[in-house]
Amino acid sequence: MSADMDAFQGVLKSSKNILCVAGAGLSAASGIPTFRGAGGLWRKHNATSLATPKAFKANPSLVWQFYHYRRESALKAEPNAAHRALAQFSLASIRQNLAPDSTFTLITQNVDGLSAVCLEEVLKQHPDEPQPAQPYILEMHGRIFDVKCTKCEHVEFSKASPICDALGGTEKLIDRQTADSDISVADLPRCANCGSLTRPGVVWFGERPFHMPSIDKLVEKSDLCLVVGTSSTVYPAAGYAAEVQSLGGKVAVFNLDRSDGDEDSDFLFLGPCEETLPRALG
Ligand code: BJW
Ligand code: ZN
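Residues numbered from 1 in each chain as written. Chains lettered and ligands numbered in written order. Predicted model: local features only at pLDDT ≥ 70, side-chain atom pairs only at ≥ 80, totals over all residues. Heavy atoms only, no water.

I keep staring at the site of ligand 1 and nothing clicks. Help me out?
Around ligand 1, the surrounding shell holds 35 residues, and the nearest of these are Arg 36, Tyr 67, Arg 70, Thr 230 and Ser 231. In this structure, an oxygen atom belonging to ligand 1 sits 3.1 Å away from a main-chain N or O atom of Gly 229. Within the complex, 75% of the 1,500 Å² of free accessible area of ligand 1 lies under protein. Counting only elements with at least two residues in the shell around ligand 1, the list comes to helix 2 (25–28), helix 5 (60–76) and helix 10 (273–281). (Near = heavy atom within 4 Å. Polar contact = N/O pair within 3.5 Å; in protein donor to acceptor, adjacent residues only side chain to side chain. Areas by Shrake-Rupley, 256 points an atom, 1.4 Å probe, with all protein chains shown as cover. Helix = DSSP H or I, 4+ residues; strand = E, 2+ residues; numbered from the N terminus.)

Here it is in structure tokens:
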């Protein structure tokens, strides 16, 4: 594995189908906590222990308080330089008149919506430029502002703050000593269609990620995979880089620290991605 930026940029220029697999580190500089390591504790709970259907079934009040806190954080957050570098690179790829079948796709595990917000901002700054012909962002673990019924098919995109009266203010209770208050199920967010309990429209462990058929096709044809700010511990996302490499493509990892499987990468750029990505893609 190499940290040679010039060599990386040579590969970047000659690649036709580029994939970026991103994780929580992409949004860290926007103030969104990561899942593992120092940022992974909410009150006294591990963030990952709350991201399961079992946790929601056992304690919907607790899981909703966790997601309410994260919704409120995401509402206040703004895209950072790493989001911008990716959005600008996606537009630059179009402007350089790449072949019509060439692609740059961001597969993000993040649910905060910051990559989409950023792309909209960048597009607004260049209203006369060609727009992306195909979806550039695939949010494989869903979107935190989607609220989905536990009984019927109803899904609503809502940035309401707070999402319901009973959760209002609980986002401030974040220290370890906080006793978890028990909000009755009747007072948690309810479905506008059938009145049942709703849940965040995100992908929990054991659930099928979104966009799997499209992602599988992209992985198969990618000649370069950028792995940005992810611990590479959660599948299927954690397997994409190795798959691209096994089919002859290159892999470049951008992470603050060492991450699973990075010893097999072709390029490794250690440091905050909000600094390394703008340099690499600029
Ligand atoms: C910086 C930085 C800076 C910090 N700059 N870097 C194969 C093998 C083994 C197990 C499995 C397998 N396939 C499937 C499984 C099971 C399971 C799994 O992977 N388990 C593992 C624990 C082993 N996977 C699943 O269950 C998935 N579903 C599935 O495969 O379904 C199949 C199916 C098919 C058909 C029918 C039904 C099912 C679903 C996984 C869902 C994960 N959900 C969560 C919550 C999402 C909602 C929410 O946000 O609340 O997704 S858990 C959590 O982990 C979240 C994240 O997206 C995901 C990954 O975490 P991420 O992004 O990598 O964050 P961190 O915190 O781990 O890492 C941050 C990194 O950033 C660190 O490396 C830092 O160093 C770095 N960093 N600041 C650069 N400034
Ligand atoms: Zn319903």
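We are not done yet, so read on.
Before we go on, may I ask you to explain the UniProt feature "binding site: substrate" (unreviewed entry) in the chain in this structure?
Mapped onto the present numbering, the UniProt feature "binding site: substrate" (unreviewed entry) falls on Tyr 67 and Arg 70. Within the secondary structure layout, Tyr 67 lies in helix 5. Here Tyr 67 falls in the buried class, since its relative accessible area comes to 3%. Excluding its chain neighbours within four sequence positions, the residues that come into contact with Tyr 67 are Leu 50, Ala 51, Ile 144, Pro 200, Val 202 and Trp 204. Examined against the element boundaries, Arg 70 turns out to sit in helix 5. In contact with Arg 70, not counting residues within four places along its chain, are Phe 35, Val 111 and Ile 144. (UniProt positions renumbered as here; feature names shortened; annotations may be inferred. Buried < 20%, exposed > 50% of the residue type's maximum accessible area, 1.4 Å probe, protein only. Contact = heavy atoms within 4.5 Å.)

Sorry if this is basic, but what is going on with the pairing of strand 1 (residues 17–22) here?
Among the six residues in strand 1, six count as buried, and that is most of the element. Inspection of the sheet shows strand 1 paired to strand 4 (residues 103–108) by six bridges, in the parallel sense. Counted as the bridge partner of Asn 17 is Thr 103 from strand 4. Where strand 1 and strand 9 (residues 224–228) come together, five bridges link them in parallel fashion. Of the residues in strand 9, the one forming a bridge with Val 21 is Val 227. (Pairing = 2+ DSSP bridges.)

How should I be thinking about the coordination of the zinc ion (ligand 2) in this particular structure?
Six octahedral donors at a metal ideally form angles of 90 or 180 degrees, and four tetrahedral donors ideally form angles of 109.5 degrees. With distances of 2.2 to 2.4 Å, the protein atoms coordinating the zinc ion (ligand 2) are Cys 149 (SG), Cys 152 (SG), Cys 191 (SG) and Cys 194 (SG). Relative to the metal, the four donor atoms surrounding the zinc ion (ligand 2) lie at angles of 101 to 119°, and the coordination shape comes out tetrahedral. In the primary sequence, the donor residues of the zinc ion (ligand 2) line up as C-x2-C-x38-C-x2-C. On the criterion of sequence distance, the pair formed by Cys 149 in strand 6 (residues 142–149) and Cys 191 in the loop between strand 7 (155–157) and strand 8 (198–202) is long-range, its members being 42 residues apart. Residue Cys 191 is classed as buried on the basis of its relative accessible area, which comes to 6%. (Donors = N, O, S within 2.8 Å, 3.2 Å for Na, K, Ca; no water. Tetrahedral: all angles 85-135°; square planar, octahedral: opposite > 155°, others 65-115°.)

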